[in-house]
Amino acid sequence: MRRANIVYWYGQSEMPRDGGGLRALAWHKALTDLGYESTIHPLRKVDAGEGNQGPLRSLKKQIIPMPLQGRLPKLPASELNVITVPSVFASAARSHPQSTLLFDWMDLWSVNAQTMAHSSRSMRAGGLAQSSWWKVLESRLPLKPAGNAFAGHDDFLSMSRGHDVPSAWLPTPVEWPQRPGPEVRRQPPTLPRRIGFLGNMNYAPNIVSLKKFLSQYADRLAPMGMELVVAGYGSEVVKTWTSMATVLGPVDDVADFYASVDAVIVPIDHGGGIKVKALEAMVHGVPVFGTEHVRSGFNPSFWEYIGDVNDLMKGGKATVKVAPARAVQSRFSETSFMDSVAELLGRSGF
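Conventions used here
- Residues numbered from 1 in each chain as written.
- Predicted model: local features only at pLDDT ≥ 70, side-chain atom pairs only at ≥ 80, totals over all residues.
- Heavy atoms only, no water.
- Helix = DSSP H or I, 4+ residues; strand = E, 2+ residues; numbered from the N terminus.
- Buried < 20%, exposed > 50% of the residue type's maximum accessible area, 1.4 Å probe, protein only.
- Polar contact = N/O pair within 3.5 Å; in protein donor to acceptor, adjacent residues only side chain to side chain.
- Contact = heavy atoms within 4.5 Å.
- Pairing = 2+ DSSP bridges.
- 1 Å grid on protein atoms, 1.4 Å probe; cavity = no way out; pocket = protein on both sides within 12 Å on 5 of 7 lines; lining within 4 Å.
- Points joined across faces, edges and corners; volume = space filled by probe spheres on them.
- Nonpolar A, V, L, I, M, F, W, Y, C, P; charged D, E, K, R; others polar.
- Axes fitted to C-alpha atoms, helices over the stretch in contact; angles between N-to-C directions.
- Phe/Tyr/Trp six-rings, centres within 6.5 Å; stacked < 30°, edge-to-face > 60°.
- Lys NZ or Arg CZ within 6 Å of the ring centre and 35° of its normal.
- Salt bridge = Lys/Arg side-chain N within 4 Å of Asp/Glu carboxyl O.
- Expected span 1.5 Å × (residues − 1).
- Core = buried A, V, L, I, M, F, W, Y, C linked by side-chain atoms within 4.5 Å.

Q: Before we move on, can you summarise the side chain of Thr 172 with the specific residues and values?
A: Take Thr 172: it is sitting in the loop between strand S6 (167-169) and strand S7 (194-198). The exposure class of Thr 172 is buried, given its relative accessible area of 2%. One polar contact links Thr 172 to Arg 23, side chain to side chain, over a distance of 2.9 Å. Leaving out residues up to four positions away in the same chain, Thr 172 has contacts with Gly 19, Leu 22, Arg 23, Ala 151, Ile 274, Val 276 and Leu 279.

Structural data, given as structure tokens:
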């Protein structure tokens, strides 16, 4: 049997079920279904996640927002190595034959570093320096593996130009809910009364985005007759920022969360990749209001299903089409992910 190594921040047993974690698990399932003996290899210990930082790491992240270049741990011999963490891309290219490597670009660290630089004065110099350095690396590193996968559609378009290394837009799949079934698609109300935000609040970019949204629109919620519902890992911290939100904490069943809201807001305007928050809402048949940046992660055929969150909060257009179930399932299901992985592997020589 062929073997495949998948490198991510966490191992399978402690994997957080957020955007990156869901993507790493999707790789594992797809490769296993394609006949590989697959193993996820973690770069961090179990207790070293975003919410469990030591004092030195916390201090470093206040000055330099993105991880530094790291060394790829020794991996078992395998025909395929899927590397999903950019900090070890260069190390992987030095230690493994090109013919065994596939780089998965979940997002672009040049963009992430720039955004974090503008979110905090302490990160300004370090973040801008990292952003410039990553722009250089992002022009070179896609040439190192046998193939590249990109979570975000715009990332795929921009990063696959100018070279002939096989590349593909490989959006993160979302598990199709058992309820409501795929035949149930909600008709959006004229004005959403209960808007939701579901995200891991131990992840700094989510904190930056939600704080910005609240700073702009918290005082508009009550006059517009809206209730903001926030849920997810670490979401209890939102109670310390404002009293203008209902905080649910972690949710055991995301279907319950999506069934309880009229629409979902995804006020993200940084980073690369595709926003799983928007994907999950589409899968559950809930209207989505996001930003131009959120749309950029999707193929243009899905842009009409993402309304403008700023228009919504400023009293403008308050309705948006709900993505058809068939279109969502055909592009963002586990089956479509596996089929796309198989196609990319074939073009990359695996």
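Moving on, there is more to tell.
Q: So what's going on with the pairing of strand S9 (residues 246-249)? Which residues, and what values?
A: Going residue by residue along S9, you find Val 247 and Gly 249 tucked away on one face and Thr 246 and Leu 248 left uncovered on the opposite face. For strand S8 (residues 227-231) and S9, the ladder comprises three bridges, and the chain directions are parallel. Among the inter-strand pairings, Val 230 is bridged to a residue of S9, identified as Val 247.

Q: Go over the environment of Arg 124, please, and point to the residues and values.
A: Among the secondary structure elements, Arg 124 is positioned in helix H5 (residues 124-140). Using a relative accessible area of 37% as the deciding quantity, one classes Arg 124 as partly exposed. Here Arg 124 is in contact with Ala 117 and His 118, once residues within four sequence places are set aside. At 2.9 Å, the side chain of Arg 124 forms a polar contact with the backbone oxygen of Ala 117.

Q: Give me the layout of surface pockets: which residues, what numbers.
A: When its volume is computed, the second largest pocket comes out at roughly 200 Å³. Each residue belonging to the lining of the second largest pocket can be placed in one class, and the counts come to five nonpolar, six polar and two charged.

Q: Any details on the sheet that holds S6? Residues and values, ideally.
A: Strands sit in the order S2-S1-S3-S4-S5-S6 across an open sheet of six strands; the sheet is parallel. The sheet is open, and its two edges are formed by strand S2 (36-42) and S6, each paired on a single side. Strand-to-strand, the axes of this sheet are offset by a mean angle of 20°, without reference to chain direction. Packing of helix H1 (residues 19-33) onto the sheet brings it into contact with strand S1 (2-8), S2, strand S3 (80-83), strand S4 (101-105) and strand S5 (147-150), and relative to S2 it is tilted by some 155°.

Q: So what's going on with the packing of aromatic side chains? Residues and values would help.
A: Within this structure, the stated rule accounts for 14 aromatic pairs. The interplanar angle of 65° and the centroid separation of 6.0 Å between the aromatic rings of Tyr 8 and Tyr 10 together place this pair among those described as edge-to-face. Classification of Tyr 8 as buried rests on a relative accessible area of 6%. Classification of Tyr 10 as buried rests on a relative accessible area of 9%. Ring geometry for Trp 105 and Phe 150: centres 6.1 Å apart, planes at 15°, overall stacked. In this pair, Trp 105 sits in strand S4 while Phe 150 sits in strand S5, placing the two residues 45 residues apart along the sequence. Residue Trp 105 is classed as buried on the basis of its relative accessible area, which comes to 0%. Exposure remark for Phe 150: the relative accessible area of 0% places this residue in the buried category. A connected cluster of aromatic rings, assembled from ring pairs, spans Phe 89, Phe 103, Trp 105, Phe 150 and Phe 156. The lysine or arginine in question, Arg 2, covers the ring of Tyr 36, its NZ or CZ lying 4.1 Å from the ring centre. Taking the ring centre of Trp 9 as reference, the NZ or CZ of Arg 44 above it sits at 4.1 Å.

Q: Tell me about the pattern of salt bridges, residues and numbers included.
A: Inspection of the entire model under this criterion finds seven salt bridges. For Asp 269, the salt bridge is made with Lys 212, and the minimal N-O distance between the two is 2.6 Å. Highlighted residues: Asp 269 in the loop between strand S10 (263-265) and helix H9 (276-283) and Lys 212 in helix H7 (residues 204-221), separated in sequence by 57 residues. Two residues, Glu 304 and Lys 321, come together in a salt bridge whose shortest N-O distance is 2.9 Å. Taken together, the positions of Glu 304 in the loop between helix H10 (292-296) and strand S12 (306-308) and Lys 321 in the loop between helix H11 (309-313) and helix H12 (325-332) put the pair 17 residues apart, joining distant regions of the chain.

Q: Talk me through H1; I want residue IDs and the actual numbers.
A: The first and last C-alpha atoms of H1 sit 21 Å apart over 15 residues, in line with the 21 Å expected at 1.5 Å per residue. Buried residues dominate H1, accounting for eleven of its 15 residues. Within the span of H1, buried status applies to Gly 20, Gly 21, Leu 22, Arg 23, Ala 24, Leu 25, Ala 26, Trp 27, His 28, Ala 30 and Leu 31. Of the residues one or two after H1, Gly 35 is the one with positive phi, at around 100°.

Q: Which residues make up the environment of Pro 86, and what values go with them?
A: As for its position among the elements, Pro 86 is in the loop between S3 and helix H3 (89-95). Note: C-alpha distance between Pro 86 and Val 136 (50 residues apart in sequence) is 13 Å. For Pro 86, the residues in contact, after removing those within four places along its chain, are Gln 69, Trp 109 and Trp 134.

Q: Before we move on, can you summarise the nonpolar core with the specific residues and values?
A: Counting 46 residues, the largest nonpolar core has Tyr 8, Trp 27, Leu 31 and Ile 83 as the members making the most contacts within it. Considering every element that reaches this core, the biggest residue donor is H1, with six residues. Among the nonpolar cores identified, the runner-up in size contains 32 residues, and Ala 151, Tyr 258, Leu 279 and Phe 332 belong to it.

Q: So what's going on with the sheet that holds S7? Which residues, and what values?
A: As summarised here, the arrangement of the six strands in space is S9-S8-S7-S10-S11-S12, forming an open sheet in which the pairing is parallel. Unpaired on one side and paired on the other, S9 and S12 mark the two borders of the sheet. In this sheet, neighbouring strand axes are inclined to one another by 30° on average, regardless of whether the strands run parallel or antiparallel. Where strand S11 (residues 288-290) lies against S12, three bridges are found, and the strand directions are parallel. Note that in S12 the partner of Val 288 across the bridge is Ile 306.

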